[in-house]
Amino acid sequence: IAVMQDGRIVQSGPPDELYFHPKNAFVAGLFGEVNEFAGQVSEGHVETPFGRLCTPEIADGADVDVLVRPEALRVDATAAPEDTNASVTTARLLGRSSLLHLNVPMGEGRVLHLHSRVAGRLLPAEGTKVRITLDEQNVFVFPSS
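Residues numbered from 1 in each chain as written. Predicted model: local features only at pLDDT ≥ 70, side-chain atom pairs only at ≥ 80, totals over all residues. Heavy atoms only, no water.

Further remarks concern the layout of surface pockets. Looking at the largest pocket, its volume works out to about 200 Å³. What lines the largest pocket is L53, C54, T55, P56, E57, I58, E136, V139, F140, V141, F142 and P143. The set of elements that each furnish at least two residues to the lining of the largest pocket consists of β5 (51-54) and β12 (139-143). The leading source of residues in the lining of the largest pocket is β12, at 5 residues. For the lining of the largest pocket, the residue count by class is 9 nonpolar, 1 polar and 2 charged. (1 Å grid on protein atoms, 1.4 Å probe; cavity = no way out; pocket = protein on both sides within 12 Å on 5 of 7 lines; lining within 4 Å. Points joined across faces, edges and corners; volume = space filled by probe spheres on them. Helix = DSSP H or I, 4+ residues; strand = E, 2+ residues; numbered from the N terminus. Nonpolar A, V, L, I, M, F, W, Y, C, P; charged D, E, K, R; others polar.)

This part is about the nonpolar core. Soluble globular proteins tend to pack their nonpolar side chains together in the buried interior. V66, V68 and I132 are the most contacted members of the largest nonpolar core, which totals 25 residues. Elements supplying a minimum of two residues to this core: β3 (35-42), β6 (63-68), β7 (73-76), β8 (86-93), β9 (97-107), β10 (110-119), β11 (129-134) and β12. Discounting residues that sit within four places of it in the chain, I132 has contacts with F50, L73, R74, N85, A86, L102 and V104. (Core = buried A, V, L, I, M, F, W, Y, C linked by side-chain atoms within 4.5 Å. Buried < 20%, exposed > 50% of the residue type's maximum accessible area, 1.4 Å probe, protein only. Contact = heavy atoms within 4.5 Å.)

Attention shifts here to the pattern of salt bridges. For the structure shown, the criterion picks out 3 salt bridges. Put simply, R52 and E47 hold a salt bridge, and the shortest N to O gap is 3.1 Å. Owing to a relative accessible area of 52%, E47 belongs among the exposed residues under this scheme. One salt bridge in this structure joins D135 and R74, with 3.9 Å as the shortest N-O distance. Of this pair, D135 sits in the loop between β11 and β12 while R74 is found in strand β7, placing the two residues 61 residues apart along the sequence. On the basis of relative accessibility, which here comes to 19%, the residue D135 falls in the buried class. Under the relative-accessibility criterion, R74 is labelled partly exposed at 47%. (Salt bridge = Lys/Arg side-chain N within 4 Å of Asp/Glu carboxyl O.)

As structure tokens, then:
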């Protein structure tokens, strides 16, 4: 597969390479929805609400876009209250998977809204506090465009 953006090829390769190793945010978004939020690199890492991500190829101080596939959000609805970092706003069964809409408090009244797709039937009630961790194989960090 060859991916074109603005009239030029930005990446080519087999589907799994494009999916798991996209060269930019455009390619990452081609295969479905991604959650996106901003960050800044410091000491080779970017802080996220779910921990630090290693970003050795990006210069310190650079603004970045963090893209997270819905299936990369691991949701634990049995976490102790002191270990939770998000709340469920909606849960919907999609057949073989469930789609969760989640709010993550970001301080100063700001909320990050994310979508998580989990295998099987996970339908916590609205307002349920959950713990989110990341499957870093489906998380991508790119310099802000």
